[in-house]
Amino acid sequence: MSKPIIVVAVGGNALLQRGEVMSCENQQKSIAQTAHSLAKLSKDYRLVIVHGNGPQVGLLSLQNNAYKDCPPYPFDVLGAETQGMIGYLIQQGLNAAIDDRFTTTILTRIVVDQDDPANADPSKFIGPVYSEQQAKRLAEQHHWIVKPDGQHWRRVVPSPAPKEVLEINAIKDLLEKDHLIICGGGGAAPVIEKDGAYIGFEAVIDKDMTAALIAQQVEAEHLLILTDGTHVCLNWGKPDEEKLEQVSVSQIRGYDFPAGSMGPKVEACCQFVESTKCVGHIGDLAYAYEIIQGQSGTHVRPD
């Protein structure tokens, strides 16, 4: 009998800690910690890993803009670049922690709606953090849109909802062969249908929403969203902060969470739970095994 499936979403900000230098070495350090935690889960579950790319795709965009002799590459191409880069680093980390499993990165495309209302109200944070003054100066210089992200400011880009995973059959086939799969990286490369073909679209899909869609389609038992905090919290960072542990979909939907950070994580869990009647989890990337064991994290259950 095949092992049950967990889809694990690893945040781009968790792979690079907030305010940390966006170096390869720092990513490898965080990934090694995550891989050790995931190694425990892999003994009892088949794993599908979806990673974020907000800091990394923002860094690539800045590097693109620095070279003036070539037009900047669009975000769908930059997203594909981060799938290869981060997928490789995760594969290296997992192979060091798990010596008896194949790991495979699938460059994934996802169909989006070019008329999605989210395109008119950018909310996906990318790149490094800035002070308000720095962010507004850069926004004017580069024609960016910037918004507050906690105590800092960051660039935001459109983030339409994922509609169709074009590589879903490849993901399912490799799961049947017991591969540990990395897919949907950075939310996947966004494409739209036009004249019978798929063309890239200038956006960055939220990786948590992509993970929820993939989890539904591969019939996962759990959706596990790993970030840089142990729980979903009410009044986060304030004296009256309150951790949420066991909550229903209707309970957690009754609270208000920021659109560019915790909001999509909560909504992704809710959509997964509603469609599958399984459980969604949100917690710290160092405690993946403990979260599934119910010893840490926030757990979203059916009503």
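Small disclaimer: the values here were computed from a predicted structure and weren't measured.

Undergrad: Mind showing me how you'd approach the domain arrangement of the protein chain here?
TA: Size of an interface: often given as the accessible area lost when the parts come together. Domain annotation of the protein chain identifies domain 1 (5-114 + 160-301) and domain 2 (123-157). Taking only C-alpha atoms, the centre of domain 1 and the centre of domain 2 are 22 Å apart. Listed as interface residues are 15 residues of domain 1 and, on the opposing side, 14 residues of domain 2. Linking domain 1 to domain 2 there are one salt bridge. One salt bridge in this structure joins D206 and K124, with 3.8 Å as the shortest N-O distance. Here domain 1 is connected to domain 2 by one residue pair in polar contact (both at pLDDT 80 or more). With seven residues, helix α3 (residues 54-66) is the single largest residue contributor to the side of domain 1 that touches domain 2. The class makeup of the residues in the side of domain 1 that touches domain 2 is seven nonpolar, six polar and two charged.

Undergrad: Would you mind showing me how to read the packing of aromatic side chains here?
TA: The way to describe two aromatic rings as a pair is by their centre distance and the angle between their planes. Using the criterion set out here, one finds two aromatic pairs in the structure. The interplanar angle of 40° and the centroid separation of 6.4 Å between the aromatic rings of Y130 and W144 together place this pair among those described as tilted. Pair noted here: Y130 is in strand β5 (residues 124-130) and W144 is in the loop between α5 (132-142) and β6 (145-149), with a separation of 14 residues, a long-range link. When its relative accessible area of 12% is taken as the criterion, Y130 is described as buried.

Undergrad: Is there a simple way to think about the packing of helix α2 (residues 24-42) against helix α4 (residues 75-97) in this case?
TA: The contact between α2 and α4 brings their axes to 8 Å, and the two run at 45°. When the interaxial angle is binned, α2 and α4 end up oblique. Seen from above, α2 lies across α4 with right-handed handedness. Contact residues: C24, Q27, Q28, I31, A35, H36, L38 and A39 in α2; I86, L89, I90, G93, L94 and A97 in α4. Considering only residue class, the contact of α2 with α4 consists of 10 nonpolar, four polar and no charged.

Undergrad: What exactly am I supposed to notice about the sheet that holds strand β8 (residues 164-165) here?
TA: Either a parallel or an antiparallel arrangement is found when strands of a sheet pair, and the pairing is made through backbone hydrogen bonds. Here four strands make up an open sheet; going across it, the order is β8-β4-β10-β11 and the pairing mixed. For this open sheet the edge positions go to β8 and β11 (197-200), each flanked by a neighbour on one side alone. For strand β10 (residues 189-194) and β11, the ladder comprises four bridges, and the chain directions are antiparallel. Its bridge partner lying in β11, K194 is registered against A197.

Undergrad: Mind showing me how you'd approach the environment of A39 here?
TA: Here A39 shows up in helix α2. Judged by relative accessible area, which is 13%, A39 ranks as buried. Once the C-alpha coordinates of A39 and V300 are considered, the two residues, 261 residues apart in sequence, prove to be 24 Å apart. Excluding residues within four positions of it along the chain, A39 makes contact with A97 and I98.

Undergrad: I'm lost on the layout of surface pockets in this one. Help?
TA: Empty pockets left among the atoms are what a rolling probe the size of a water molecule brings to light. Estimates place the volume of the second largest pocket at around 340 Å³. In this structure, the second largest pocket is lined by 16 residues; those nearest its centre are A118, S123, S159, M209 and P264. Per-element accounting of the lining of the second largest pocket gives the leading share, four residues, to helix α9 (residues 262-276). Across the lining of the second largest pocket, the residue classes break down as seven nonpolar, five polar and four charged.

Conventions used here
- Residues numbered from 1 in each chain as written.
- Predicted model: local features only at pLDDT ≥ 70, side-chain atom pairs only at ≥ 80, totals over all residues.
- Heavy atoms only, no water.
- Domains from an automatic or database assignment.
- Contact = heavy atoms within 4.5 Å.
- Salt bridge = Lys/Arg side-chain N within 4 Å of Asp/Glu carboxyl O.
- Polar contact = N/O pair within 3.5 Å; in protein donor to acceptor, adjacent residues only side chain to side chain.
- Helix = DSSP H or I, 4+ residues; strand = E, 2+ residues; numbered from the N terminus.
- Nonpolar A, V, L, I, M, F, W, Y, C, P; charged D, E, K, R; others polar.
- Phe/Tyr/Trp six-rings, centres within 6.5 Å; stacked < 30°, edge-to-face > 60°.
- Buried < 20%, exposed > 50% of the residue type's maximum accessible area, 1.4 Å probe, protein only.
- Axes fitted to C-alpha atoms, helices over the stretch in contact; angles between N-to-C directions.
- Parallel < 35°, antiparallel > 145°, perpendicular 65-115°, else oblique.
- Left-handed = near helix turned anticlockwise from the far one by under 90°.
- Pairing = 2+ DSSP bridges.
- 1 Å grid on protein atoms, 1.4 Å probe; cavity = no way out; pocket = protein on both sides within 12 Å on 5 of 7 lines; lining within 4 Å.
- Points joined across faces, edges and corners; volume = space filled by probe spheres on them.

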